[in-house]
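# Residue-level structure breakdown
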Amino acid sequence: ASHVFVAGEGSFYEPGSGSISRIDADGQIDIFENVGSVVHAVEAYQNMLLVSINGDYKVQIYNIFEESLDLVAEVSMNGQSPREIFVTNHKAYVTTWDPDWTVYPNVDGYVKVISLDNFQVEESIQVGVMPEGLLYNNGYLWVANSGESTVSKIDVASDMVQDEVYVSEGPLFLSELN
């Protein structure tokens, strides 16, 4: 069945108040509450839902069922705040920042690569400051580094940064014209 998933970050003043809403093809809404502190992004892949939980420094992975979401794994981001998620080749790419706001714009962020076979972080790719938006195109993952004026280009075959492109200040999201 077709579903739309919505990340509800919750209140910054109520730990654990983030939620996930699921809207089905008939407009029926299910709300899964108390998911974590500051739910930032959701990404559906096959029968899984990946959820970045910024304030808890983790990604939760759920199996999607008609009546429920069943938690199957919690993947620690090792003190980094996860942001956006993109999945390709059974791997999840998650942008992460240092949660200490006083270090910006001096500390680079990372793209954590999670294997969806064993739910472990396999790679930690250093990119620019405050990485956010992701875009996949022709074997490359583009990363908008919002704390500076660059976009990183990652080759997903090697999980290595191939290029840093200078753009206007504060890039956030990416799009392409097909």
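Up top is the structure these notes are about.
These notes cover the structure that comes with them. (Residues numbered from 1 in each chain as written. Predicted model: local features only at pLDDT ≥ 70, side-chain atom pairs only at ≥ 80, totals over all residues. Heavy atoms only, no water.)

### Looking at the environment of Ser152
Along the chain, Ser152 falls in strand β14 (residues 150–155). Ser152 gets classed as buried once you look at its relative accessible area, which sits at 0%. Between the C-alpha atom of Ser152 and that of Asp163, which follows or precedes it by 11 residues, the distance is 5.9 Å. Setting aside residues no more than four positions away along its own chain, Ser152 makes contact with Val127, Gly128, Leu141, Trp142, Val143, Asn145, Asp163 and Glu164. Within the structure, Ser152 has its side chain in polar contact with the side chain of Asn145 (distance 3.0 Å). Within the structure, Ser152 has its side chain in polar contact with the side chain of Glu164 (distance 2.6 Å). (Helix = DSSP H or I, 4+ residues; strand = E, 2+ residues; numbered from the N terminus. Buried < 20%, exposed > 50% of the residue type's maximum accessible area, 1.4 Å probe, protein only. Contact = heavy atoms within 4.5 Å. Polar contact = N/O pair within 3.5 Å; in protein donor to acceptor, adjacent residues only side chain to side chain.)

### With respect to the layout of surface pockets
The calculated volume of the largest pocket comes to roughly 230 Å³. In this structure, the largest pocket is lined by 14 residues; those nearest its centre are Phe12, Val38, Asn54, Arg83 and Trp101. (1 Å grid on protein atoms, 1.4 Å probe; cavity = no way out; pocket = protein on both sides within 12 Å on 5 of 7 lines; lining within 4 Å. Points joined across faces, edges and corners; volume = space filled by probe spheres on them.)

### Concerning the pattern of salt bridges
The full count for this structure, using the stated rule, is 4 salt bridges. A salt bridge links Lys58 to Glu74; its shortest N-O distance comes to 3.2 Å. Taken together, the residues Lys58 in strand β6 (residues 58–64) and Glu74 in strand β7 (residues 69–76) connect sequence positions 16 residues apart. We classify Glu74 as partly exposed; its relative accessible area is 44%. Between Asp159 and Lys91 there is a salt bridge whose closest N-O contact spans 3.1 Å. Here the residue Asp159 occupies a position in the loop between β14 and β15 (160–166), and Lys91 occupies one in strand β9 (residues 91–97), the gap between them amounting to 68 residues. No difference in accessibility class separates Asp159 from Lys91, as the two residues are buried. (Salt bridge = Lys/Arg side-chain N within 4 Å of Asp/Glu carboxyl O.)

### Thoughts on the sheet that holds β14
Within the open sheet, the 4 strands sit side by side as β12-β13-β14-β15. Their pairing is antiparallel. At either end of the open sheet lies a strand with only one pairing partner, and these are β12 (131–137) and β15. Strand-to-strand twist in this sheet, taken as the mean axis angle between neighbours without regard to direction, amounts to 25°. Pairing geometry for β14 and β15, over 6 bridges, is antiparallel. Within the sheet, the bridge partner assigned to Lys153 lies in β15 and is Asp163. (Pairing = 2+ DSSP bridges. Axes fitted to C-alpha atoms, helices over the stretch in contact; angles between N-to-C directions.)

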